[in-house]
Every structure is written in C-alpha cells, then in structure tokens.
Amino acid sequence: MTTPGTALRKPLDQTTWQEIELGGVLREPGSAREYRVGDWRSQHPVWTKSRCIRCGVCWTVCPEPAIIEEPGGYFDMDPYYCKGCGTCARECVTGCITMVPEEE
Amino acid sequence: MSAKPAKAKRVGMEVSIAVSHAVQLARAEAIAAYPITPQTHIVEHLSSLVANGELEAEFVNVESEHSAISTCIGMSAAGARTYTATSSQGLALMHEILYITSAMRFPIVMTVANRALSGPLSIWNDHSDIMGARDIGWIQIFVENGQEAFDHSVMAFKIAENAKVLLPTIINLDGFILSHVVEALEMVDQATVDKFLPAYVPRHNLDPKHPVTMGAFAMPEIYTEVKMNHQVTLTQSYDHILKVWNEWGKLTGRQYQPVERYQTKDAKILLLTMGCLSEVAEIAVEEMRDQGLPVGLLKLRLWRPFPFQDLREAVKGAELLIVCDRALSLGGPGGPVLSEVRSALYPMAERPATVGYIIGLGGRDVNPSAFKDIVNKAQAEVSEGLKEEFHLYGVRG
C-alpha cells in the first residue's frame, strides 16, 4: 500500500507558527503526497473483474496517483488519494468501472 | 543634529533623481519597473545609470506593473538585491502580487510616489494608492522631504534584508509635491554606504544544486500558522527598523523616529500628519505657537508595523488630537489613518478627543492657513460635542 508523506517533518496539523519555514519554502520534494485528498470523495470506483481486460487506461487517466495495479494486472483504488472524480469510469474501455456513492 | 555628519556633500537635486542615486549607492542588482506618473523620473534615471554602466544591475523593461513586481520576485528569488517603483494605478495593478511578495519574504524595496487612484482620473497627489495596499504585509514608511527620501531609500535595503526581517519595504513619498521638487540634499558617499549596507545574503534562493519549492499552497491546517508567522515577523521588525535608523543617525547626524514630534512640549492640541503635509503643518504650528495656542505636531513616519506604543506615548497629556488624512475610506470611518489612530488609542484610560479631517485629495493644495482653520474648527467641534465622524475639509457645497 501507499506510504503517504516523507516523515521528514511534523504533520501539518501539528506544526506551530514558530516552525514555519521562512517564506513557506518547502525543502523536501514530493510533500504534496501527504495530502489526504481521499477525504473529498463522495463516490468511489468499483471494478467488475470479469469485464476488465487489464488495459490500464484507468491507471493512465487518473489525475491522482490513486489507482494501484494489483498482482495479476487488475486495478483498484487507493482510498488515501481517490477523490471520486469518476474519470476512470468514464474512460474505461469496456465499461467495467461503476461509481458507487460513499456510505454516510 | 548634534552628531558629526560623515563626509556630507550638499547638492541641489530633484528628489526623484536623489532616490535613484540612493538605489545606485545601495548597489541594487536587479530592477524591473514600468513607467507611471509621477514615479517616472526615478526609474528613467535608474535606466540611464544602468545603460551608461554606472550601475551594475539588470534592468528589465516590462509591459505592466503586474509584470514588474512579478519579475522582481523572480530576481529576488535568484538572490539579487531588487528594486522597483510605482504609483497609483500601477500599485493597484500589482495588488495581488504584493501579498505574495511579503508572504514569500522577498526583501524587495519599492518607492511609491503617492498619487490619487482613479476615478476620476487624477495624476496628482494623495495617499489613496497606498491606503488601498495597507494590508499587504510589507514594511511601510512615509517621508516628508527630499533628504528623508534619500536617507530612507538607502536604509530600506538594510532593514528589508536583515536576516530576522526579510520583508519587502515601501518608501512612500508624495507624488509631484515631493518627487518633482529640487531640494538641497546631503548625499552620502559610496564608501560610507558600502560600510553601512552589507551584501544581501538570501536565506533561500533558486539554486539547481539545492532545489526548494517556493510559493507552495497551504491547506487549511497550516494557513493560519503561516499568517501568524508573517504577523509576528512584521511586528518584530520594529526593533530592527529602529536599530538601522539609529545607526544611520550616528553616521549622518539625521535621526528618525516612528512618530516624530514637533513642538509637542506641553501641547494640548496635536495635529497628526503623514508625508510632506508635515512640513506645511510645521509652519502653521509655529504661527499658532506665536499666538499662544498650545499646538504641536505628530508625524507618523512608520505606518507598518504600526507604532502603537510610540503613538500612545506621544498623545499623553493632549486634550485634542486632529488626524489629517490624505485618503478617504468611502462609506467607512473617514480616513484610514483616523480609523487606525482611534483604534490604537481606544484602550487608553485617558485619551484626547480625536477628530478627523481629510485634506489634500487629488492634488488639492494645502496651505498653513488650512491647518490653523482646522484647529479652530476642531476646538469648536469638541466644545460643542462631536456631530460628524470626520470632515472632508474645504469641500464646496
């Protein structure tokens, strides 16, 4: 599974104003990986494996790194990053992805 | 003025040209500017200095003020000592980038030759341009004559670039009334400025060997902490500003204060002005003192960070404070300076009655007689009880 963040500095919601780097500069690359954009999701994709041809179009079009290739070449979403945008379902070649609303 | 000036040379010079010489003496390395009246002479002259090889700097001609300040950010991010100047609509066009400049902590120095904002279109002086940019997070200083414009243009770099400050700084000088007059100035020589102003050492700069991200976004979890960091830095820059002013005072004999006092001893009535109105008000104060009126003058030099304690000290003992604004907060509490001064004095157990007069809008002339008239009117108003939030002095109808 995904390991979010670089663990080089404190989580944002524990950082004090005294610890802000001058000018808001970020010293390490890739810190945006910490953002749990999956919190925004109101629906998520579900793959019907019997119709999936493992072409990887969903993986290619996903605007986040939110689709993971599983052993065997099938795909699933990463709940940490999937915003539920539905691009994968829209672009799926065989129509094997369905967007399912999140439960309350 | 008792200290011995260092190799002072007194020369007659247009104030705009003096400012550009101050920038030259400060060895600015990067300038991006767009010409706008009445700032034009400053950047025109700097452009000539660069073209003639008298100032070793990159001068970038841009197509707008939005681009000017954006280019300055880029050059400052590369580690260069950076300067620009603007006025009025130009400052307004920079607006969104001004907040970014200070949040990213680029110590750019900018002269604002204060001019009225349109509309109606006016190229003449008032303070509406800078009052619209009150909350941009820059250090903001007002000057009242050519000597101050020169001195503060040099000092601004030292203040802005201090490792504990690293904030952009605006020097406000009144357009035309100050920018275009010829005054006798004491220049400071290059060796003195070189000794006073060390080279700029950026904390972060654009360096492929040490890549960083500048200007990243902030999630709700961290935005408030970033703002607090900026707020505390700007507030605490006060001490460093005073240190630099004191050092300059020892060097040149010209000592500056956040709130300057003129004839304030035993004064019961105080006028408060900013910029070159102060020199006009001085004449009025002297004439009123001759007539036995206990009038004094406060000149608010440091606008950001706001000098709360200096102001509270300065008004002690006064019964009436008359704040003269050169801008109008439409539909609001009158002048922006009045509003802030009233707010600053509110916690005081004993404070003077504070009235506001807005004068000199859009280049309208203000004579010493106006200040005398204002003092009379304000005295009458206070004895009868305040009826208006503020007054637009001299308006017909």
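Above this text you will find the structure in question.
Values in this document were obtained by computation on a predicted structure and should not be read as measured data. (Residues numbered from 1 in each chain as written. Chains lettered and ligands numbered in written order. Predicted model: local features only at pLDDT ≥ 70, side-chain atom pairs only at ≥ 80, totals over all residues.)

A.B. asks: How would you sum up the overall build of chain A? Please name residues and give values.
C.D. replies: Counting its secondary structure elements, chain A contains 2 helices and 4 strands. Listing every helix and strand of chain A by position from the N terminus yields β-α-β-β-α-β. Over its C-alpha trace chain A gives a radius of gyration of 17 Å, far above what one expects of a compact globule, namely 13 Å for 104 residues. In terms of principal-axis extent, the alpha carbons of chain A reach across some 55 × 30 × 20 Å. Counting the 104 residues in chain A, one finds 16% classified as buried. Within chain A, residue pairs in contact and separated by at least 24 positions form 68% of the contacts whose partners lie at least 6 positions apart. (Helix = DSSP H or I, 4+ residues; strand = E, 2+ residues; numbered from the N terminus. Rg over C-alpha atoms; globule rule 2.2 N^0.38 Å. Buried ≥ 20, exposed ≤ 12 C-beta atoms within 10 Å, placed from the backbone. Contact = placed C-beta atoms within 7 Å.)

A.B. asks: Could you give an account of the interface of chain B and chain A, naming the residues involved and the relevant values?
C.D. replies: Taken together, the contacts link 18 residues of chain B with 13 residues of chain A. Looking at the side of chain B that touches chain A, the element that brings in the most residues is helix H8 (residues 220–252) of chain B, giving 6 residues. Looking at side-chain class alone, the side of chain B that touches chain A contains 11 nonpolar, 3 polar and 4 charged residues. (Nonpolar A, V, L, I, M, F, W, Y, C, P; charged D, E, K, R; others polar.)

A.B. asks: Explain the packing of helix H9 (residues 277–290) of chain B against helix H12 (residues 368–384) of chain B to me, using residue names and the numbers behind them.
C.D. replies: Residue and element names in this part refer to chain B. At a minimum axis separation of 8 Å, H9 and H12 run at an interaxial angle of 60°. By the criterion of interaxial angle, the relationship of H9 to H12 is oblique. The handedness of the crossing between H9 and H12 is right-handed. Residue-level inspection shows Val280, Ala281, Ile283, Ala284, Glu287 and Met288 of H9 in contact with H12, the latter providing Pro368, Phe371, Lys372 and Val375. Residue composition of the contact of H9 with H12, grouped by class: 8 nonpolar, no polar and 2 charged. (Axes fitted to C-alpha atoms, helices over the stretch in contact; angles between N-to-C directions. Parallel < 35°, antiparallel > 145°, perpendicular 65-115°, else oblique. Left-handed = near helix turned anticlockwise from the far one by under 90°.)

A.B. asks: For the environment of Phe176 of chain B, give the residues involved together with the corresponding values.
C.D. replies: Residue and element names in this part refer to chain B. Take Phe176: it is sitting in the loop between strand S7 (169–174) and strand S8 (182–187). Look at Phe176 and you get partly exposed, because 18 C-beta atoms sit within 10 Å. For the pair Phe176 and Lys243, spaced 67 residues apart in sequence, the C-alpha to C-alpha distance is 31 Å.

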